[in-house]
Amino acid sequence: MVPRYVIDFKLTELEMYKTDVLIIGSGIAGLYTALKISEDKNVILLSKTALTQSNTRYAQGGIAAVTAESDSPELHRQDTLIAGAGICLNEAVEVLVNEGPSCITDLIDYGTKFDEENGAFALTKEGAHSQRRILHAQGDATGAEIVRALSKCALSNEKITILENHFTLDLVTHQGQCIGALVRKPDGQVIYIRANAIVLATGGAGQLYRYTTNPEIATGDGMAMAYRAGAYIKDVEFIQFHPTSLCYPGAPRFLISEAVRGEGAVLRNIKGERFMEKYHPLKELAPRDVVARAMVSEMESTGSTFVYLDITHESEELIKHRFPTIYKVCLRYGLDMVTDWIPVAPAAHYIMGGIKTDLYGETSTKRLFACGEVSCTGVHGANRLASNSLAEALVFGRRIAERIGELEDIGDEVPAVSFSLMRQHTMNNDTVMERKLRLQKLMLAHVGLKRSEKGLTKAVRELERYVKAFRMKVEKPEEMEYLNLLTCACLVANAALFREESRGGHYREDFPKRDDLVWRKHIVQSIEDGVLEERNTNEDE
């Protein structure tokens, strides 16, 4: 059983810092929300590594928002609902598509420079979008440009205190509300940061899997902390595997943006044959879960570990101008996008579920908010529409700032919160690395693109054995990250075993059909209530 806290402590014995709002995470969700809140409140923003190290930095494709006259919020809504496979929350999608465009204006005001053509935004198209509505920057470096602009603003803002290399261990709760967090400073000292509101903007959990497009920092910290603090976790069985990550000896699983297919690239099996027309009428621009499973089917039938992405029929000028980062990375490993087919394979990319929130980002634990990939607002349903993630972080970050403005001060009194499991034994670094790799292999084998009762049951039982690691004393960030991954792995595997159908990013070989009659609902988990079901109340899908 996962315990309430990962360390033993007495709150009254820890050095205390006080702020109006504590934001944990420094990607687009954390930075933008901090800037919005700082208009009238003081903020401490924590980054567990360097400020600019986040999933946002690696976002290539762009950000989806209605800016063209030929487009409309209604079309964006329809595309999002179709991709979400029947369980998006309609109200959340309405918020996203209608409020997203004004957030783009905010980004520009903060200094973000989007690519333009003939005096208008240079828009591209990605999988499952009916219109060209994806804004991008520096070709394929959208995330890096957004982080650059927002970081610059945050660093110069007197109301935002940025603490880099500070690892958040756990959230502190008292009498049903979140009152702060336990934080490990770079020198190892544990402190207590007290705040009127806490915003989790910690990103995803791609490191659950051996092959992922996410950086090493994506270890599910926020979701794990929120679960241990009593918040509800929703829809985590839906994991999006990006179809096209670089799969080449000696190279990392580098993301090859969906925008490459949006600009005309096609997929070929190792025999050189195009195959997507066999699987979906939208071919290469079908929803990501469809493309990823089609690729795996081709790989299995041809005995290969990859397929090819081919954009050689497009001009050298387009390739180099539109995808400069991808082109340079491929070239580094001896692959020229202009003349070579690029070997690719699916890799874990995004978790559709997360910490359940309302339409203002507040969780079931009072004063605790969540924003970005760590949250589950209901926008993404069972399968996120490409490039909706950055837009979601902005829209709900701004709403969080509005809601936090209504909260009263909790005062300075430090309650006598404490916790102890009498932890003695510690993990050494080699053991942590072994444990993490074993967990990643287990998740890849049994909780990956294709799942079954037999494999999921094996994974759940094995993970139950791993949970004894929580009784060990942890001191280093890597050890804490492992415990967070373990928490998330248990949540994902349990939800995947519970859902006996296939939908979006969740595919059961033993239940290959989507079942709206029984399973048009959500799986919600909490440390106190276990596994719950929540009906989807949408009427027009």
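Structural data are supplied above this passage.
Predicted, not measured: the structure shown is a model, and the values here were computed from it. (Residues numbered from 1 in each chain as written. Predicted model: local features only at pLDDT ≥ 70, side-chain atom pairs only at ≥ 80, totals over all residues. Heavy atoms only, no water.)

## What to know about the overall build of the protein
Move 1: Check the secondary structure of the protein and you find 14 helices and 22 strands.
Move 2: By the compact-globule yardstick of 24 Å for 541 residues, the protein fits well, its C-alpha radius of gyration being 22 Å.
Move 3: A principal-axis box enclosing the C-alpha atoms of the protein has dimensions of 65 × 55 × 50 Å.
Move 4: For the protein, the share of sequence-separated contacts (at least 6 apart) that also reach a separation of at least 24 residues comes to 72%.
Move 5: Of the roughly 20700 Å² of accessible surface on the protein, a fraction of 48% belongs to carbon and sulfur atoms.
Move 6: For the protein, the distance from the average position of its 64 positive side-chain charges to the average position of its 75 negative side-chain charges is 5 Å. (Helix = DSSP H or I, 4+ residues; strand = E, 2+ residues; numbered from the N terminus. Rg over C-alpha atoms; globule rule 2.2 N^0.38 Å. Contact = heavy atoms within 4.5 Å. Areas by Shrake-Rupley, 256 points an atom, 1.4 Å probe, with all protein chains shown as cover. Lys, Arg positive; Asp, Glu negative; His and termini not counted. Charge placed at Lys NZ, Arg CZ, Asp CG, Glu CD.)

## Quick look at the packing of aromatic side chains
Move 1: Enumeration according to the criterion identifies 9 aromatic pairs in this entry.
Move 2: Their ring planes at 75° and their centres at 5.2 Å tell us that Y209 and F241 sit as a pair that is edge-to-face. Taken together, the residues Y209 in the loop between β11 (190-200) and α5 (221-228) and F241 in strand β13 (residues 239-246) connect sequence positions 32 residues apart.
Move 3: Overall, the relative accessible area of 1% leaves Y209 in the buried class.
Move 4: By relative accessible area, which is 6% here, F241 ends up buried.
Move 5: Through successive ring pairs, a cluster of aromatic residues spans Y5, F9 and F419.
Move 6: In this structure, R384 packs its charged tip against the face of Y350, placed 4.1 Å from the ring centre.
Move 7: Seen from the ring of Y360, R399 lies directly overhead, with NZ or CZ sitting 4.5 Å from the centre. (Phe/Tyr/Trp six-rings, centres within 6.5 Å; stacked < 30°, edge-to-face > 60°. Buried < 20%, exposed > 50% of the residue type's maximum accessible area, 1.4 Å probe, protein only. Lys NZ or Arg CZ within 6 Å of the ring centre and 35° of its normal.)

## Comments concerning the sheet that holds strand β15 (residues 307-310)
Move 1: With antiparallel pairing, the 4 strands of this open sheet are ordered in space as β13-β16-β15-β14. Each end of this open sheet is capped by a strand with a single partner; those strands are β13 and β14 (266-268). Pairwise comparison of adjacent strand axes, ignoring direction, gives a mean angle of 45° for this sheet.
Move 2: For β13 and strand β16 (residues 342-351), the ladder comprises 6 bridges, and the chain directions are antiparallel. Within β16, the residue paired with S245 across the bridge is A345. (Pairing = 2+ DSSP bridges. Axes fitted to C-alpha atoms, helices over the stretch in contact; angles between N-to-C directions.)

## Digging into the nonpolar core
Move 1: Counting 84 residues, the largest nonpolar core has L171, L200 and L208 as its most contacted members.
Move 2: Here this core gets 13 residues from one element, more than from any other, and that element is helix α13 (residues 477-498).
Move 3: Apart from the residues lying within four places of it in its own chain, the contact partners of L208 are L439, Q440, M443, L485, C488, A489 and V492.
Move 4: Counting 46 residues, the second-largest nonpolar core is a separate cluster that includes L35, C103, I400 and I404. (Core = buried A, V, L, I, M, F, W, Y, C linked by side-chain atoms within 4.5 Å.)

## Looking at empty space enclosed by the protein
Move 1: Tallying each qualifying case throughout the model produces 5 cavities of 30 Å³ or more.
Move 2: One number sums up the size of the largest cavity: a volume of about 50 Å³.
Move 3: Around the largest cavity sit A205, G206, L208, Y209, N214, I239, A348, H349, Y350, I351 and E373, which together line it.
Move 4: If you tally residues by element for the lining of the largest cavity, the top one is β16, at 4 residues.
Move 5: Tallied by class, residues from the lining of the largest cavity come to 7 nonpolar, 3 polar and 1 charged. (1 Å grid on protein atoms, 1.4 Å probe; cavity = no way out; pocket = protein on both sides within 12 Å on 5 of 7 lines; lining within 4 Å. Points joined across faces, edges and corners; volume = space filled by probe spheres on them. Nonpolar A, V, L, I, M, F, W, Y, C, P; charged D, E, K, R; others polar.)

## Some thoughts on the sheet that holds strand β17 (residues 354-356)
Move 1: Read across the open sheet, the 5 strands follow the order β19-β17-β12-β21-β22; overall the sheet is mixed. What marks the edges here is a single partner per strand, and that holds for β19 (375-376) and β22 (530-535).
Move 2: Pairing between strand β12 (residues 233-234) and strand β21 (residues 521-526): 2 bridges, direction antiparallel. Each residue of the ladder has a partner; that of K234, found in β21, is V524.
Move 3: Against the sheet, α5 touches β12, β17 and β21, its axis set at about 40° to β17.

## Notes on the environment of T426
Move 1: As for its placement among the helices and strands, T426 is situated in the loop between β20 (418-419) and α11 (429-446).
Move 2: Judged by relative accessible area, T426 falls into the partly exposed class, the value being 42%.
Move 3: Spatially, the C-alpha atoms of T426 and K476 are 10.0 Å apart, while their sequence positions differ by 50 residues.

## Some points on the pattern of salt bridges
Move 1: Following the criterion strictly, the structure yields 39 salt bridges and no others.
Move 2: With a closest N to O distance of 2.9 Å, D310 and R268 form a salt bridge. Of this pair, D310 sits in strand β15 while R268 sits in strand β14, placing them 42 residues apart in sequence. Grouping residues by exposure puts D310 and R268 together as buried.
Move 3: A single salt-bridge network, built from bridges that share partners, covers E237, R499, E501, R503, R514 and D516. (Salt bridge = Lys/Arg side-chain N within 4 Å of Asp/Glu carboxyl O.)

## A word on the pairing of β22
Move 1: In terms of strand pairing, β21 meets β22 through 6 bridges, oriented antiparallel. Directly across from V524, in β22, lies its bridge partner L532.
Move 2: Taken together, β21 and the strand that follows it, β22, pair antiparallel across an intervening segment of 3 residues.

## Quick notes on the side chain of R503
Move 1: Tracing the chain through its elements places R503 in the loop between α13 and α14 (516-519).
Move 2: At 2.7 Å, the side chain of R503 forms a polar contact with the backbone oxygen of A85.
Move 3: Separated by 2.7 Å, the side chains of R503 and E501 make a polar contact. (Polar contact = N/O pair within 3.5 Å; in protein donor to acceptor, adjacent residues only side chain to side chain.)

## Digging into helix α3 (residues 90-109)
Move 1: For α3, spanning 20 residues, the distance from its first C-alpha to its last is 29 Å, which sits close to the expected 28 Å at 1.5 Å a residue.
Move 2: The sharpest bend along α3 reaches about 45° and sits at G100, with the proline P101 one to four residues further on.
Move 3: For α3, the set of buried residues is N90, A92, V93, V95, L96, V97, G100, C103, I104, D106 and L107.
Move 4: Downstream of α3 by one or two residues, G111 has phi in the positive range, about 110°. (Expected span 1.5 Å × (residues − 1). Bend = angle between axes of the 7 residues up to and from the residue.)

## Some remarks on the pairing of β15
Move 1: Here β14 runs beside β15; their pairing, made up of 3 bridges, is antiparallel. Looking at β15, one finds that V266 is bridged to D310.

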